[in-house]
Amino acid sequence: MQIGDLIWHFTRTVQKFIRETAPEFFQTRRRIVLLGIGGAVLVLILAFVAVLMVQGHIRTVRSRAAAKELADSFKPLAISPEDFFLPGEPDALPEFIPERLPRDTWTVDDARPYWTDPLEGNTRLWRDRFGAEIDTLMDGVP
């Protein structure tokens, strides 16, 4: 016999079983068939749950190993307790050094380098501003 004949013979046998034997078997033994199908579904569900649990366990083991490896790589870089705290504040502030020596009395020649006349150059502008401000103040006086 050749392979084609074997395949044809197998398909004819399956068709004969489905047409003649299966309907009678399913009608007479309905409870057994339903229990068998239910049992097969239950076994498949349990196998699926077992596969999920095994994969979850494998992932957990791998992640723990990776975390341990990462933690071990940082052990030489341990931080000393001194690095957690700021250094102490200095006891005294640095001494104030003035730009110039303080004087009790000033002469005109002493003040001349530090003095700028506000009216110099813009005399009219400043006089108008001062006049407006004085007028505003005087309007408020009863």
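Just so it is clear, the model here is predicted, and its values are computed rather than measured.

On to the overall build of the protein chain. When its secondary structure is counted, the protein chain shows four helices and zero strands. Computed over the C-alpha atoms, the radius of gyration of the protein chain is 51 Å, more than 25% above the 14 Å expected from 2.2 N^0.38 for a compact globule of 142 residues. In terms of overall dimensions, the protein chain has a C-alpha envelope of 135 × 55 × 45 Å along the principal axes. By residue count, 1% of the 142 residues in the protein chain fall in the buried class. Entry remark: accessible area of the protein chain is about 14400 Å², with carbon and sulfur atoms responsible for 64%. Looking at the protein chain, you have 17 positive and 20 negative side-chain charges, and the mean spots of the two groups are 31 Å apart.

Turning our attention to helix 1 (residues 3-28). In a regular helix each residue adds 1.5 Å, so 26 residues correspond to 38 Å; helix 1 covers 36 Å between its end C-alpha atoms and thus fits that length. Of all the bends in helix 1, the greatest, near 45 degrees, is centred on Thr-21, and the proline Pro-23 appears no more than four residues after it.

If you trace the backbone, Gly-4 turns up in helix 1. Residue Gly-4 is classed as partly exposed on the basis of its relative accessible area of 48%. Taking the C-alpha atoms as reference points, Gly-4 and Leu-125, separated by 121 residues in sequence, lie 117 Å from one another.

This part is about the environment of Arg-30. Looking at the secondary structure, you find Arg-30 in helix 2 (residues 30-73). Residues Arg-30 and Ala-92, 62 residues apart in the sequence, show an inter-C-alpha distance of 99 Å.

Two side chains that carry opposite charge are able to pair once their charged atoms sit near each other. Within the structure shown, the criterion is met by three salt bridges. The shortest N-O distance in the salt bridge between Arg-103 and Asp-110 comes to 2.9 Å. A relative accessible area of 43% places Arg-103 in the partly exposed class. With a closest N to O distance of 3.0 Å, Asp-109 and Arg-112 form a salt bridge. For the pair formed by Asp-109 and Arg-112, the shared burial category is exposed.

Right, let's talk about the packing of aromatic side chains for a bit. Applying the stated criterion across every chain yields a total of one aromatic pair. Look at Trp-106 and Tyr-114: their rings are 6.1 Å apart centre to centre, the planes differ by 85 degrees, and that puts the pair in the edge-to-face class. We note Arg-103 situated over the ring of Trp-106; from NZ or CZ to the ring centre the distance is 5.2 Å.

Reading the values: rules and limits
- Residues numbered from 1 in each chain as written.
- Predicted model: local features only at pLDDT ≥ 70, side-chain atom pairs only at ≥ 80, totals over all residues.
- Heavy atoms only, no water.
- Helix = DSSP H or I, 4+ residues; strand = E, 2+ residues; numbered from the N terminus.
- Rg over C-alpha atoms; globule rule 2.2 N^0.38 Å.
- Buried < 20%, exposed > 50% of the residue type's maximum accessible area, 1.4 Å probe, protein only.
- Areas by Shrake-Rupley, 256 points an atom, 1.4 Å probe, with all protein chains shown as cover.
- Lys, Arg positive; Asp, Glu negative; His and termini not counted.
- Charge placed at Lys NZ, Arg CZ, Asp CG, Glu CD.
- Expected span 1.5 Å × (residues − 1).
- Bend = angle between axes of the 7 residues up to and from the residue.
- Salt bridge = Lys/Arg side-chain N within 4 Å of Asp/Glu carboxyl O.
- Phe/Tyr/Trp six-rings, centres within 6.5 Å; stacked < 30°, edge-to-face > 60°.
- Lys NZ or Arg CZ within 6 Å of the ring centre and 35° of its normal.

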